Amino acid sequence: MQSTLAVVSLGTIQKNARAVIGAARRPLVAVIKDDAYGHGAYPVACALADMVSLFAVSTVDEGAQLVHAGAAGDVLVLTPPLTRDEAFRARALGLIVTISSAPVLRLVLRAGRGVRAHIAVNTGMNRYGFAPDEVGEVCRIAKARGVLVEGAFSHLYAPQDEAARIAQERAFERACLRVKEYFPDALCHLAATGGVAYGGKTFDAVRAGLALYGYAPENAPVPLRVRPAMKVYAYAAQSGTPYGGGVGYAAAEKQYAALHTLRVGYGDGFFRAGGLGAEGKLCMDACVREGEMPFGRRVCILSDAEAYARSHGTTAYETLVNAGRRALKKYVR
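Presented here is an overview of the structure given in this document. Everything numeric in this text was worked out from a predicted model, so none of it was measured. (Residues numbered from 1 in each chain as written. Predicted model: local features only at pLDDT ≥ 70, side-chain atom pairs only at ≥ 80, totals over all residues. Heavy atoms only, no water.)

To continue, consider the packing of helix α4 (residues 60-69) against helix α5 (residues 84-93). The geometry of α4 relative to α5 is characterised by a closest axis approach of 10 Å and an angle of 25° between their N-to-C directions. Regarding the angle of α4 to α5, the classification is roughly parallel. As α4 runs across α5, the sense of the crossing is left-handed. Every residue of α5 that contacts α4 at Val-60, Asp-61, Ala-64, Val-67 and His-68 is listed here: Glu-86, Arg-89, Ala-90 and Leu-93. Residue composition of the contact of α4 with α5, grouped by class: 5 nonpolar, 1 polar and 3 charged. (Axes fitted to C-alpha atoms, helices over the stretch in contact; angles between N-to-C directions. Helix = DSSP H or I, 4+ residues; strand = E, 2+ residues; numbered from the N terminus. Parallel < 35°, antiparallel > 145°, perpendicular 65-115°, else oblique. Left-handed = near helix turned anticlockwise from the far one by under 90°. Contact = heavy atoms within 4.5 Å. Nonpolar A, V, L, I, M, F, W, Y, C, P; charged D, E, K, R; others polar.)

Rendered as structure tokens:
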């Protein structure tokens, strides 16, 4: 087995979703962008289809893949359309687009009446969105031109910072009031995993991603009882007595009685700097470790993405997406 193997528990993802819903007491917008954080968007969508009110993906391409695969449920595309073709394609597929600026609104209007949309509100993250005071005029134009605004959203940039979070919540609340003047049934969502864990205001729904896959802030006021849903394995490709003075891409600092090689490297989404029990740096497709290992044995190399991420100065999100991208996936309950 030359590929790494990601074993994904769909049952665990379902339990994690129930934990988020139970903690927030709100409907769930399930974020399955970037191939469900490396876990596989279509299988995850199928597992959660009866539990969520909406799925969220990053791009129109991701949404199209779900639609063509036959996934059930509405799909919100979080990145605004950047071309006319993307706006038309989203409309044809029934995807929900994000309207985040005047140029994007013009693209959506050119796609014709009946486009489904959520409005992105900039409450302080300064990534996407209209200022709260601009939202009313956007809604007026959208309604007059037949755009179906089904919701509005924003994103907390520091949910653990109570003052910053409350300021964003108040700004978003003002925007939501304007949206609902024109579209009373609009679904307003602000809190993601961090927002729920730090007791943020949940509005009409919560938009969770990372918690679905088993990771949430530690020691937060609202404990999210979630468990990692994916383990990644590699296979032993060689084992034996070392020769010469190197160990992978490094000079050996000691004399080894035995070394073995796992068929995994930085080409599989891990960090060249090391980890995974490697002696020295990872090779592109190999990891040299101390000790003997039977040829072909399957070895778990990642079970806690948060711990691995901490050791490399990054996030569990980056670790999961990268590790899952190239891996062969096996789904279990």
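All right, on to helix α7 (residues 135-144) then. For α7, the set of buried residues is Val-135, Gly-136, Val-138, Cys-139 and Ala-142. Along the axis of α7, the buried residues cluster in a sector spanning 160°; they form a single face. Looking one or two places after α7, you find Gly-146, whose phi comes out positive at around 85°. (Buried < 20%, exposed > 50% of the residue type's maximum accessible area, 1.4 Å probe, protein only. Arc of directions from axis to C-beta.)

Turning our eyes to something else, we now look at the pattern of salt bridges. Counted by the stated rule, this structure contains 14 salt bridges. Between Glu-137 and Arg-140 there is a salt bridge; the shortest N-O distance is 2.6 Å. You can see Glu-137 and its partner Arg-140 sitting in helix α7, 3 residues apart, about one turn around the helix. Glu-137 sits in the partly exposed class, given a relative accessible area of 41%. Close ionic contact of Asp-285 with Arg-326 constitutes a salt bridge, the shortest N to O distance being 3.6 Å. Here Asp-285, found in the loop between β11 (259-262) and β12 (287-290), pairs with Arg-326, found in the loop between α11 (316-325) and β14 (328-332); they are 41 residues apart in sequence, far enough to count as distant. Accessibility expressed as a relative area gives 44% for Arg-326, which makes it partly exposed. It is possible to trace a salt-bridge network through shared partners that takes in Arg-263, Asp-268, Asp-285 and Arg-326. (Salt bridge = Lys/Arg side-chain N within 4 Å of Asp/Glu carboxyl O.)

Note on placement: Arg-116 falls in strand β6 (residues 116-120). Measuring from C-alpha to C-alpha, the distance between Arg-116 and Gly-151 comes to 9.3 Å, with 35 residues separating the pair along the chain. Arg-116 has contacts with Asp-74, Gly-94, Leu-95, Ile-96, Val-97, Leu-148 and Glu-150, leaving out every residue within four places of it along the chain.

The next thing to look at is the packing of aromatic side chains. The tally for this structure, following the rule as stated, stands at 5 aromatic pairs. Each ring, one from Phe-172 and one from Phe-203, has its centre 4.9 Å from the other, and the planes form 80°; the classification is edge-to-face. In this pair, Phe-172 sits in helix α8 (residues 162-182) while Phe-203 sits in the loop between α9 (193-197) and β9 (206-208), placing the two residues 31 residues apart along the sequence. The two residues Phe-172 and Phe-203 agree in class, both being buried. Measuring from centroid to centroid gives 5.8 Å for Phe-270 and Tyr-308, while their planes differ by 85°, and the two rings are edge-to-face. Here Phe-270, found in the loop between β11 and β12, pairs with Tyr-308, found in helix α10 (residues 305-311); they are 38 residues apart in sequence, far enough to count as distant. For Tyr-308, a relative accessible area of 8% corresponds to the buried category. Joined through ring pairs, the aromatic side chains of Tyr-37, Tyr-213 and Tyr-317 make up one cluster. Over the ring of Tyr-233 we find Arg-298, and its NZ or CZ is 4.2 Å from the ring centre. (Phe/Tyr/Trp six-rings, centres within 6.5 Å; stacked < 30°, edge-to-face > 60°. Lys NZ or Arg CZ within 6 Å of the ring centre and 35° of its normal.)

The next thing to look at is α11. Taking burial as the measure, the 10 residues of α11 include 7 buried ones, the bulk of the element. Among the residues of α11, Ala-316, Thr-319, Leu-320, Val-321, Asn-322, Ala-323 and Gly-324 are the ones counted as buried. Buried residues in α11 make contact with α2 (33-37), β10 (230-240), β13 (298-302), α10 and β14.

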